[in-house]
Amino acid sequence: MAEVVARFDVGVASLTRWVKNIHRKPQGFRQRKIDLDVLRQDILDYPEAYQYERAKRLDVTQNAIFLALKKLGITYKKNSEASQSRRKRTAYLPEEDCRL
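Our subject in this report is the structure included herewith. Note that the structure is a prediction, hence the values are computed from the model and not measured.

Before going further, it helps to spend a moment on the packing of aromatic side chains. Within the structure shown, the criterion is met by one aromatic pair. Their ring planes at 10 degrees and their centres at 5.7 Å tell us that Tyr 50 and Tyr 52 sit as a pair that is stacked. Judged by its relative accessible area of 33%, Tyr 50 falls in the partly exposed class. The ring of Tyr 46 has Arg 57 sitting right over it, with the charged end atom 4.0 Å from the ring centre.

Further remarks concern helix H5 (residues 62-72). Listed as buried for H5 are Ile 65, Ala 68, Leu 69 and Leu 72. In an axial view of H5, the angular spread of the buried residues amounts to 100 degrees, which keeps them on one side of the axis. For H5, exposure combined with an orientation more than 90 degrees from the buried face picks out Lys 70 and Lys 71. In the segment just after H5, Gly 73 is the residue with positive phi, at about 75 degrees.

Another aspect to go through is the nonpolar core. Counting residues in hydrophobic clusters, the biggest one holds ten residues: Ile 34, Leu 39, Ile 43, Ala 55, Val 60, Ile 65, Ala 68, Leu 69, Leu 72 and Ile 74. Listed by contribution, the elements that provide at least two residues to this core are helix H3 (36-45) and H5. Examining the composition of this core, we find that four residues originate from one element, H5, more than from any other.

The contact between H3 and helix H4 (residues 51-58) brings their axes to 11 Å, and the two run at 125 degrees. As summarised for this structure, H3 and H4 are arranged oblique, according to the angle between their axes. Note that H3 runs across H4; the crossing there is right-handed. Residues Val 38, Leu 39, Asp 42 and Ile 43 of H3 pack against Arg 54, Arg 57 and Leu 58 of H4. Across the contact of H3 with H4, the residue classes tally to four nonpolar, no polar and three charged.

As a working rule, side chains carrying opposite charge can pair if their charged atoms are close by. Applying the stated criterion across every chain, the model contains three salt bridges. Linking Arg 40 and Asp 37 is a salt bridge whose minimum nitrogen-to-oxygen distance equals 3.3 Å. Of this pair, Arg 40 and Asp 37 both sit in helix H3, three residues apart, which is roughly one turn of that helix. Between Arg 54 and Asp 42 there is a salt bridge; the shortest N-O distance is 2.8 Å. Of the two residues, Arg 54 sits in helix H4 while Asp 42 sits in helix H3, which places them twelve residues apart along the sequence. Of the two residues examined, Arg 54 and Asp 42, each falls in the buried class. Each of Asp 42, Arg 54 and Arg 57 takes part in one network of salt bridges that share partners.

Calculation notes
Residues numbered from 1 in each chain as written. Predicted model: local features only at pLDDT ≥ 70, side-chain atom pairs only at ≥ 80, totals over all residues. Heavy atoms only, no water. Phe/Tyr/Trp six-rings, centres within 6.5 Å; stacked < 30°, edge-to-face > 60°. Buried < 20%, exposed > 50% of the residue type's maximum accessible area, 1.4 Å probe, protein only. Lys NZ or Arg CZ within 6 Å of the ring centre and 35° of its normal. Helix = DSSP H or I, 4+ residues; strand = E, 2+ residues; numbered from the N terminus. Arc of directions from axis to C-beta. Core = buried A, V, L, I, M, F, W, Y, C linked by side-chain atoms within 4.5 Å. Axes fitted to C-alpha atoms, helices over the stretch in contact; angles between N-to-C directions. Parallel < 35°, antiparallel > 145°, perpendicular 65-115°, else oblique. Left-handed = near helix turned anticlockwise from the far one by under 90°. Contact = heavy atoms within 4.5 Å. Nonpolar A, V, L, I, M, F, W, Y, C, P; charged D, E, K, R; others polar. Salt bridge = Lys/Arg side-chain N within 4 Å of Asp/Glu carboxyl O.

Nothing here speaks to function; it is all geometry.
Quick look at the structure:
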């Protein structure tokens with residue numbers, strides 16, 4: 001045991017804990033606060049909204065919106081025809097394969 005501790009530069013107590021508990025504990029699923037169907041409907045209703053605006057409407061954080069959009073595979077592309085003063089973007093919904 002001492003050669004393992006020296007080789008991997010870990011403490012004896014850590015190695016003892018790892019040996020006693022070699023079986024991995026099952027991991028549960030994360031509970032999502034955002035209903036993905038509600039988010040999808042919000043995107044259809046407000047296609048040009050910013051993430052922080054969606055977060056305020058759905059009472060979640062902006063990071064939660066970001067992760068949910070990533071999970072849904074929804075991307076936004078800037079519209080090159082619009083000027084910088086107007087926020088004109090196109091949302092791509094992968095499941096429905098349509099533009100908003």
